[in-house]
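Geometric and topological summary
Each chain, letter by letter, is given below.
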Amino acid sequence: MLLRRNSTAVSDLYDRYASWLRTALGARYGTTDVEDLAQDVWLRVIPYSTQTEIRHPPSLLLKIAANLVADRASTKARLSFWEISHSGHRDVAVCDAQTDELFAKEIILGLPQPLRDVFVLSRFGGLTNSQIAEQLGIRPKTVEWRMTKALAHCAAQFRR
């Protein structure tokens, strides 16, 4: 099935595969937290549906799920290691995922407004450079330049 880029792509995808996805996730990963995992998969599929054509939706959905499960396992392992190495300071322990999320928000909020606008519209709004240019009233080349600067800023902050 080939889904075209439009506003109903995710809705069509959900209608067709939601039940199948929950069943597949339950079979692969057990029934614990299947609903949460499925919901996270649907949130992650939104940018794909607005930017590209999805040629094999089941494969994409399962790949996103596998990546989410791996991310969760990695986060859990890091947290366990941190708790073990700081066992005397359990009350200070903060979940790594929450810390990473706060750090990412700080980085994004630290971007200059023009760069932040382009970055947010692209990464969270799923808009193309042309759509961003039209919405902000700037040239597509300016969008590209601002996005390059925003990504460089974010990369530099993550390396710190």
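Since the model is a prediction, treat every value here as computed from it, not as a measurement. (Residues numbered from 1 in each chain as written. Predicted model: local features only at pLDDT ≥ 70, side-chain atom pairs only at ≥ 80, totals over all residues. Heavy atoms only, no water.)

**Quick word on the pattern of salt bridges**
- Inspection of every chain in the model, using the stated rule, returns 2 salt bridges.
- Here Arg-22 ties to Glu-35 by a salt bridge, and the two come within 3.5 Å at their closest N and O atoms. Taken as a pair, Arg-22 in helix 1 (residues 9-29) and Glu-35 in helix 2 (residues 34-51) lie far apart in primary sequence, 13 residues in all.
- The exposure class of Arg-22 is partly exposed, given its relative accessible area of 29%.
- Residue class for Glu-35 comes out exposed when judged on its relative accessible area of 51%.
- In this structure, the salt-bridge partner of Glu-144 is Lys-141, at a minimum N-O distance of 3.6 Å. Here the residue Glu-144 and the residue Lys-141 both occupy positions in helix 7 (residues 140-159), the gap between them amounting to 3 residues, near one helical turn.
- Accessibility expressed as a relative area gives 55% for Lys-141, which makes it exposed. (Salt bridge = Lys/Arg side-chain N within 4 Å of Asp/Glu carboxyl O. Helix = DSSP H or I, 4+ residues; strand = E, 2+ residues; numbered from the N terminus. Buried < 20%, exposed > 50% of the residue type's maximum accessible area, 1.4 Å probe, protein only.)

**Topic: helix 1**
- Taking the largest bend as the criterion, helix 1 deviates by roughly 55 degrees, centred on Tyr-17.
- All of the buried residues in helix 1 are Ala-9, Leu-13, Tyr-17, Ala-18, Leu-21, Ala-24, Leu-25 and Gly-26.
- Where helix 1 ends, the next residue or the one after it, Gly-30, has phi of about 85 degrees, a positive value. (Bend = angle between axes of the 7 residues up to and from the residue.)

**Description of the environment of Leu-21**
- Among the secondary structure elements, Leu-21 is positioned in helix 1.
- Spatially, the C-alpha atom of Leu-21 lies 7.9 Å from that of Pro-58, the residues being 37 residues apart in sequence.
- Apart from the residues lying within four places of it in its own chain, the contact partners of Leu-21 are Ala-38, Val-41, Trp-42 and Leu-61. (Contact = heavy atoms within 4.5 Å.)

**Observations regarding the packing of aromatic side chains**
- Under the definition given, this model contains 3 aromatic pairs.
- On the numbers, 5.1 Å between centres and 65 degrees between planes, the contact of Tyr-14 with Trp-42 is edge-to-face. With Tyr-14 in helix 1 and Trp-42 in helix 2, this pair connects stretches of sequence that are 28 residues apart.
- A relative accessible area of 39% means that Tyr-14 is categorised as partly exposed.
- Residue class for Trp-42 comes out buried when judged on its relative accessible area of 10%.
- Taking 6.3 Å as the distance between ring centres and 70 degrees as the angle between the ring planes, the aromatic pair formed by Phe-119 and Phe-124 counts as edge-to-face. (Phe/Tyr/Trp six-rings, centres within 6.5 Å; stacked < 30°, edge-to-face > 60°.)

**Quick look at the packing of helix 6 (residues 129-136) against helix 7**
- Packing of helix 6 against helix 7 leaves a shortest axis separation of 8 Å and a crossing angle of 105 degrees. By the angle between their axes, helix 6 is roughly perpendicular relative to helix 7. Across the interface between the two elements, Asn-129, Ile-132 and Ala-133 of helix 6 pack against Pro-140, Val-143 and Glu-144 of helix 7.
- Grouping the constituent residues of the contact of helix 6 with helix 7 by class yields 4 nonpolar, 1 polar and 1 charged. (Axes fitted to C-alpha atoms, helices over the stretch in contact; angles between N-to-C directions. Parallel < 35°, antiparallel > 145°, perpendicular 65-115°, else oblique. Nonpolar A, V, L, I, M, F, W, Y, C, P; charged D, E, K, R; others polar.)

**What to know about the side chain of Gln-157**
- Take Gln-157: it is sitting in helix 7.
- Note on Gln-157: relative accessible area 19%, which makes it buried.
- Ignoring anything within four residues of it in the chain, the contact list for Gln-157 reads Phe-103 and Ile-107.

That is the geometry; function is a separate question.
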